[in-house]
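These are the residues of each chain, in order.
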Amino acid sequence: MTDDKVKRRLTTVLCADVHGYSRLMGADEAGTLGTLRRYRSAIAGLVERHDGRIVNTWGDAVIAEFASVVEAVQCAVEIQQEISKQEQDPPQALQMRFRIGINLGDVMVDGSDIFGDGVNIAARLQELAEPGGIVVSASVYDQVHNKLSLGFDSLGRQQMKNVAPVISYRVTMGGRAVGRQGLPVDGSPAHRTEAAATSEAGAQRIYGGYAPSTWISSIPDRLASLPRPLAVTLTVSGFLILINVFTGLHRIWFHWPVAVLLFIGILRTVLQRGPASDRNDDRRRHRE
């Protein structure tokens with residue numbers, strides 16, 4: 001008799017998929033195919049290094065399985081880093097980014113292929129990942145969260161097509177977010193100093209190489225030196241002018257309320273100064 005019993009095993013499934021593959025193919029078929037082949041070769045090498053195997057590839061997807069959950073997650077992180085390192089800074093529209101989902105579950109085995117919810121959940125998890133990101137199921141999280149120098153942001157229970165809802169987690173690295181290009185954002189003091197310098201340099205580029213004009217920073221000091229009624233009037237008038245500018249200058253309306261506010265502000269300033277001067281004179285005469 002032929003044994004038709006379905007073979008099953010518990011395994012870790014990694015599903016990687018190119019974000020926006022159809023758009024990339026529409027823009028440059030030959031270039032996209034060449035890039036995909038290069039990245040698949042790198043992925044295959046990393047999977048083998050972590051004692052996994054490529055189960056299937058179709059279109060832009062890669063399915064791999066691992067006996068170790070820890071190795072699967074480590075492999076996913078290295079895949080994102082390697083792809084980012086290989087990127088030769090193409091135009092934004094032509095950048096190829098993979099999304100990765102990882103699930104630990106029961107699968108059906110047919111020769112060298114695997115099927116079932118264990119695979120389907122991994123495929124659904126990769127759809128939740130950002131380009132260059134990794135999302136894992138709760139079963140993976142339970143096995144690796146205390147074994148790797150990684151962090152995990154809970155995405156909660158996610159409703160997925162054709163499978164039961166699954167609690168999922170976004171992978172971070174040592175408490176540092178994995179960026180869109182798969183690179184960790186270092187939290188070390190040296191890195192923060194470098195980042196601050198980079199930000200400052202970027203700001204200088206934005207302003208054309210010049211620091212912001214100092215008269216802008218002196219506005220609060222100048223307002224503070226004015227009488228309070230006049231300072232309040234000028235502040236409110238400035239807001240009215242900005243509102244008119246941002247809502248369109250096809251109809252200018254700010255001059256009337258600004259004129260009224262200025263009149264009231266000047267009048268209150270004059271009235272406050274007059275009595276104050278009289279009181280000062282009275283105090284001087286009393287001292288004499």
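S.K.: I'm lost on the packing of aromatic side chains in this one. Help?
M.R.: The geometry of an aromatic ring pair is captured by two quantities: the separation of the ring centres and the angle between the planes. Tallied over the full model, the rule gives 3 aromatic pairs. An angle of 10° between the planes, with centres 4.0 Å apart, marks the rings of Tyr 141 and Tyr 169 as stacked. Remark: Tyr 169 occurs in strand S8 (residues 163-173) and Tyr 141 occurs in helix H5 (residues 138-144); sequence separation between them is 28 residues. The class for Tyr 169 is buried, based on a relative accessible area of 14%. Here the aromatic cluster, defined as three or more aromatic residues joined through ring pairs, consists of Tyr 141, Phe 152 and Tyr 169.

S.K.: When you look at a nonpolar patch on the surface in this model, what are you seeing that I'm missing?
M.R.: Together, Phe 239, Ile 241, Leu 242, Val 245 and Phe 246 make up an exposed nonpolar region whose accessible area comes to about 510 Å². By the secondary structure assignment, Phe 239 is in helix H9 (residues 228-246).

S.K.: For this particular structure, what's the right way to read the confidence of the model for the protein?
M.R.: The predicted coordinates should not be examined in detail at positions where pLDDT is low. Residues at a pLDDT of 70 or more form 71% of the protein, whose mean pLDDT is 77. Of all secondary-structure elements in the protein, the lowest mean pLDDT belongs to helix H6 (residues 189-206), at 38, while strand S6 (residues 134-137) reaches the highest, 96.

S.K.: Any chance you could explain the packing of helix H2 (residues 29-49) against helix H3 (residues 69-86) here in plain terms?
M.R.: Packed helices, taken two at a time, are described by the angle between their axes plus the distance between the axes. Where H2 meets H3, the axes come as close as 10 Å, and the angle between the chain directions of the two elements is 150°. Between H2 and H3, the angle is such that the two are roughly antiparallel. Where H2 crosses over H3, the two elements pack in a sense that is right-handed. Here Arg 38, Tyr 39, Ala 42, Ile 43, Leu 46, Val 47 and Arg 49 of H2 come into contact with H3, specifically with Cys 75, Glu 78, Ile 79, Glu 82, Ile 83 and Gln 86.

S.K.: What exactly am I supposed to notice about the nonpolar core here?
M.R.: Generally speaking, a soluble globular protein has its nonpolar side chains buried in company with each other. One finds Phe 98, Ile 100, Ile 102, Ile 134, Val 136, Val 140 and Val 144 to be the most contacted residues of the largest nonpolar core, which totals 36 residues. For this core, the element with the most residues is H3, which contributes 9 residues. The next biggest cluster of nonpolar side chains, apart from the first, holds 9 residues, and it includes Val 55, Ile 63, Val 107 and Ile 114.

S.K.: So what exactly am I meant to see when it comes to the side chain of Glu 65 here?
M.R.: With respect to the helices and strands, the residue Glu 65 is situated in strand S3 (residues 61-66). On the basis of relative accessibility, which here comes to 6%, the residue Glu 65 falls in the buried class. Reaching out from Glu 65, the side chain makes a polar contact with the side chain of Thr 11 at a distance of 2.8 Å. A polar atom in the side chain of Glu 65 sits 2.7 Å from the side chain of Arg 53. Not counting residues within four places of it along the chain, the set of residues in contact with Glu 65 comprises Arg 9, Thr 11, Thr 12, Gly 52, Arg 53, Val 55 and Ile 114.

S.K.: When you look at the environment of Gln 74 in this model, what are you seeing that I'm missing?
M.R.: Checked against the element boundaries, Gln 74 lands in helix H3. Linking Gln 74 and Ser 149, residues 75 residues apart in sequence, is a C-alpha distance of 9.9 Å. Beyond its immediate stretch of four places on either side in the chain, Gln 74 contacts His 50 and Leu 148.

S.K.: Sorry if this is basic, but what is going on with the pattern of salt bridges here?
M.R.: Between side chains of opposite charge, pairing is possible as soon as their charged atoms come close. Within the structure shown, the criterion is met by 6 salt bridges. Asp 106 is the salt-bridge partner of Arg 8, the closest N and O atoms lying 2.9 Å from each other. Taken together, the residues span a long stretch of sequence, with Arg 8 in strand S1 (residues 7-18) and Asp 106 in strand S4 (residues 98-110) at a distance of 98 residues. For Arg 8, a relative accessible area of 52% translates into the label exposed. Note on Asp 106: relative accessible area 37%, which makes it partly exposed. Counted as one network, the salt bridges with shared partners bring together Arg 9, Arg 53 and Glu 65.

The rules behind each value
Residues numbered from 1 in each chain as written. Predicted model: local features only at pLDDT ≥ 70, side-chain atom pairs only at ≥ 80, totals over all residues. Heavy atoms only, no water. Phe/Tyr/Trp six-rings, centres within 6.5 Å; stacked < 30°, edge-to-face > 60°. Helix = DSSP H or I, 4+ residues; strand = E, 2+ residues; numbered from the N terminus. Buried < 20%, exposed > 50% of the residue type's maximum accessible area, 1.4 Å probe, protein only. Patch = residues over 30% accessible without salt bridge, like charges linked within 9 Å, V, L, I, M, F, W, Y side chains within 5 Å. Areas by Shrake-Rupley, 256 points an atom, 1.4 Å probe, with all protein chains shown as cover. Salt bridge = Lys/Arg side-chain N within 4 Å of Asp/Glu carboxyl O. pLDDT = per-residue confidence, 0-100. Axes fitted to C-alpha atoms, helices over the stretch in contact; angles between N-to-C directions. Parallel < 35°, antiparallel > 145°, perpendicular 65-115°, else oblique. Left-handed = near helix turned anticlockwise from the far one by under 90°. Contact = heavy atoms within 4.5 Å. Core = buried A, V, L, I, M, F, W, Y, C linked by side-chain atoms within 4.5 Å. Polar contact = N/O pair within 3.5 Å; in protein donor to acceptor, adjacent residues only side chain to side chain.

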